[in-house]
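# Notes for the structure review
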Protein chains: 2
Amino acid sequence: MLSKGILDHVTTARERVRAELTAEITDAARRQLAEVGAAALSLRAVAREVGLVSSAVYRYFPSRDELLTRLIIDGYDALGAAAEAADRPGEAPRVRWLAVCRAVRAWALAHPHEYALLYGSPVPGYSAPRDTVPAASRVAVVLGRILGDAARSGLLPAASGDRDPSLVSDDAAAVLGGDHPAIDDTVRVRALMAWSAVYGTVSFELFGHFVGSVEDGDRYFDRAMTELAALIGL
Amino acid sequence: MLSKGILDHVTTARERVRAELTAEITDAARRQLAEVGAAALSLRAVAREVGLVSSAVYRYFPSRDELLTRLIIDGYDALGAAAEAADRPGEAPRVRWLAVCRAVRAWALAHPHEYALLYGSPVPGYSAPRDTVPAASRVAVVLGRILGDAARSGLLPAASGDRDPSLVSDDAAAVLGGDHPAIDDTVRVRALMAWSAVYGTVSFELFGHFVGSVEDGDRYFDRAMTELAALIGL
DNA sequence: GTCTGGCGAGAGCGGCGCTCTCGCTCGGGA
DNA sequence: TCCCGAGCGAGAGCGCCGCTCTCGCCAGAC
């Protein structure tokens, strides 16, 4: 290890087998997560599943929380990919909105424990929010693009042009449709609110807060999301 | 213990001291919860704080989850009381709506771990949703009463009168303003959606999903809740 | 061909939830 | 007033958990 040369990206045999075992561990952890949830995910059980003694796993993940962080990032990526795949850029904005919302809900219902890990209570003392931001933004980017396309196609009414970075940050404004005369802070607040309302709706259903209030979750969800689409002008 | 007579509600000395120790345990548990969160709440640490050996606590709570269930119910009651106290039945509906929403957010910010216990990921395998329902409904009852008062004061426009118990249950419909020609299923869906949107907004802020997007949480929250009020017609 | 860095195993620490057994004590029935 | 058993707290212990440290080995880098 004298120097870091040009060909360092050529993985050595050691690095390859290490990457493979790391993947094997995260796969086992993901299975555990899906079965018993994040709270009951045990590094020792993961180790048993991959045929290692528990201490050996620490060669690959410095702590249980690091392993969970890995699963969080992977979860955000999977959810983001599902949202991106559900978008149909040619369609009308409200059709696209509903399709993406449905995809988010479907992913959540199919992966309840992973969804809870992403959007439920933060599990450890405080994991690593910074690493997770890019992956976590993917759904927001999809929804923001729908809003921007709607504005560019002239669907949204003219707006006042209010702009206050302390209300909605510049970064978020760029994602939420970008610069367009039909998008001002009122629209951005509505969009942000709609975004969190989607997760509020999915979380309530998944965490049982709709028990006794909503019977047909599918139909309720579609109607709620349609109301939201109307709120942001789609 | 031959019979359960008329004066059984007169607590015996034994029952009184038992109730006192039970309260002491739940108080200690609540302090622990506020400090370290539900995931790290340890029955042994609670026992240490009240000066008991861990096994003695099992005389009062059959398991850690039962203790958590107690804290969940207490939390719902505290939040519900805060919401009820914030309501001002004489004021305009949208003023009342905003006041109650602010109270919910304020309580959540003041008791983040308790809020996470109530509205974050369900902690155990599955606690006891049935016992918690009455306490959990209190906030919804307050918001529903505001909607009903608005309808009775003629603020809401006439509605189509749609009624579909599989979309919104009869129980929920009774809470959400009750029977009134201005309240149909569209309004009920909007109200239910607004309710979950409130928690989506608070949860996003509390769980860090607004980091990088919203700087001034107070102002954002007020504007978002105002948009919601407009959506349900207040 | 050597040798060293990375590896897995093993033992062990403290803490956890929970169980069971054992004496004590004190309140309530006689 | 007495006595006795229900209810109690303590203690030991089981099998988990996360995490640490040490040791011997072996293969891959030079």
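What you see is a predicted model, and the numbers here were worked out from it, not measured in a lab. What you see as residue numbers is a count from 1 along each chain, following the sequence as written. Each chain gets a letter, beginning with A, and each ligand a number, beginning with 1, in the order they are written. Local features in this predicted model are restricted to residues of pLDDT 70 or higher, and side-chain atom pairs are both shown and tallied only at a pLDDT of 80 or more, whereas totals for entire chains, interfaces and linings draw on every residue. Excluded from the side-chain calculation are hydrogens and water; included are all heavy atoms of the structure.

Here the focus is the domain arrangement of chain A. All names here are of chain A. The domain limits used here are those given by an automatic or database domain assignment. Each assigned domain of chain A is listed here: domain 1 (1-61) and domain 2 (69-231). Taken together, the contact between domain 1 and domain 2 spans 11 residues of the former and 7 residues of the latter. Put simply, buried area is the surface a 1.4 Å probe can reach on two separate parts but cannot reach once they are joined, added for both. Buried area between domain 1 and domain 2, both sides added, is near 710 Å², and the carbon and sulfur share of it is 75%. Here, a salt bridge means any side-chain nitrogen of Lys or Arg that lies within 4 Å of a carboxyl oxygen of Asp or Glu. The tally of links from domain 1 across to domain 2 stands at 1 salt bridge. Note on contacts: a residue pair is in contact if any heavy atoms of the two residues lie within 4.5 Å.

Okay, the pattern of salt bridges next. Applying the stated rule across the entire model yields 38 salt bridges over all chains. With a shortest N-O distance of 2.9 Å, A:D218 and A:R105 are connected by a salt bridge. Of this pair, A:D218 sits in helix α11 (residues 217-231) while A:R105 sits in helix α5 (residues 93-110); the two residues are 113 residues apart in sequence, bridging distant segments of the chain. Residue class for A:R105 comes out buried when judged on its relative accessible area of 10%. Between B:E49 and B:R31 there is a salt bridge, with the nearest N and O atoms lying 2.7 Å from each other. Here B:E49, found in helix α2 (residues 43-50), pairs with B:R31, found in helix α1 (residues 13-36); they are 18 residues apart in sequence, far enough to count as distant. With a 1.4 Å probe rolled over the protein chains alone, any residue whose accessible area is under 20% of its type maximum counts as buried; one over 50% counts as exposed, and the rest are partly exposed. You can call B:E49 partly exposed: its relative accessible area is 39%. In this structure, a network of salt bridges that share partners links the residues A:D27, A:R30, A:R70 and A:D74. To qualify as a helix, a DSSP run of H or I must reach at least 4 residues; to qualify as a strand, a run of E must reach at least 2; elements of each kind are numbered from the N terminus.

What follows concerns the protein's contact with DNA strand C. As a structural note, the neighbourhood of DNA strand C is formed by 23 residues, with A:S55, A:R59, B:L43, B:R44 and B:R64 the closest of them. What you see for DNA strand C is that sugar and phosphate hold 50% of its atoms within 4 Å of the protein. Under this definition, polar contacts are N or O atom pairs within 3.5 Å; protein pairs additionally need one hydrogen-donor-capable and one acceptor-capable atom, and for neighbouring residues in sequence, both atoms have to be side-chain atoms. B:L43 is positioned such that a nitrogen or oxygen atom in its backbone is 2.7 Å from a phosphate oxygen of DNA strand C. Only α1 (13-36) and α3 (54-57) of chain A together with α1, α2 and α3 (54-57) of chain B provide two or more residues apiece to the surface near DNA strand C. Across the surface near DNA strand C, the residue classes break down as 9 nonpolar, 6 polar and 8 charged. Only a single heavy atom is needed: when it lies within 4 Å of a molecule or strand, its residue is near that molecule or strand. Note on residue classes: Ala, Val, Leu, Ile, Met, Phe, Trp, Tyr, Cys and Pro are nonpolar, Asp, Glu, Lys and Arg are charged, and everything else, Gly too, is polar.

In this section: the interface of chain B and chain A. Opposite the 46 residues of chain B that make contact, chain A presents 46 residues. At the junction of chain B with chain A, the criterion picks out 4 salt bridges. A salt bridge links A:R219 to B:D164; its shortest N-O distance comes to 2.7 Å. Inspection of the chain B/chain A interface yields 23 residue pairs in polar contact (both at pLDDT 80 or more). Of all the secondary structure elements, the ones that give two or more residues to the side of chain B that touches chain A are α6 (112-119), α9 (170-175), α10 (185-206) and α11 (217-231) of chain B. Take the side of chain B that touches chain A: its biggest share by element is 13 residues, from α10(B).

If you rotate chain B by 180° and push it 0.0 Å along the axis, it lands on chain A with an RMSD of 0.0 Å. On this basis, the relationship between the two copies can be described by a two-fold rotation axis. Least-squares superposition aligns the copies on the C-alpha atoms of those residues with pLDDT at or above 70 in both.

What surrounds DNA strand D is a group of 24 residues, the closest being A:L43, A:R44, A:R64, B:S55 and B:R59. Here, DNA strand D places atoms within 4 Å of the protein, and 50% of those atoms are sugar or phosphate. Taking A:R14, its side chain carries an N or O atom lying 3.2 Å from a sugar or linking oxygen of DNA strand D. A:R48 places a side-chain nitrogen or oxygen 3.3 Å from a phosphate oxygen of DNA strand D. Here the surface near DNA strand D is built from residues that sort into 10 nonpolar, 6 polar and 8 charged.

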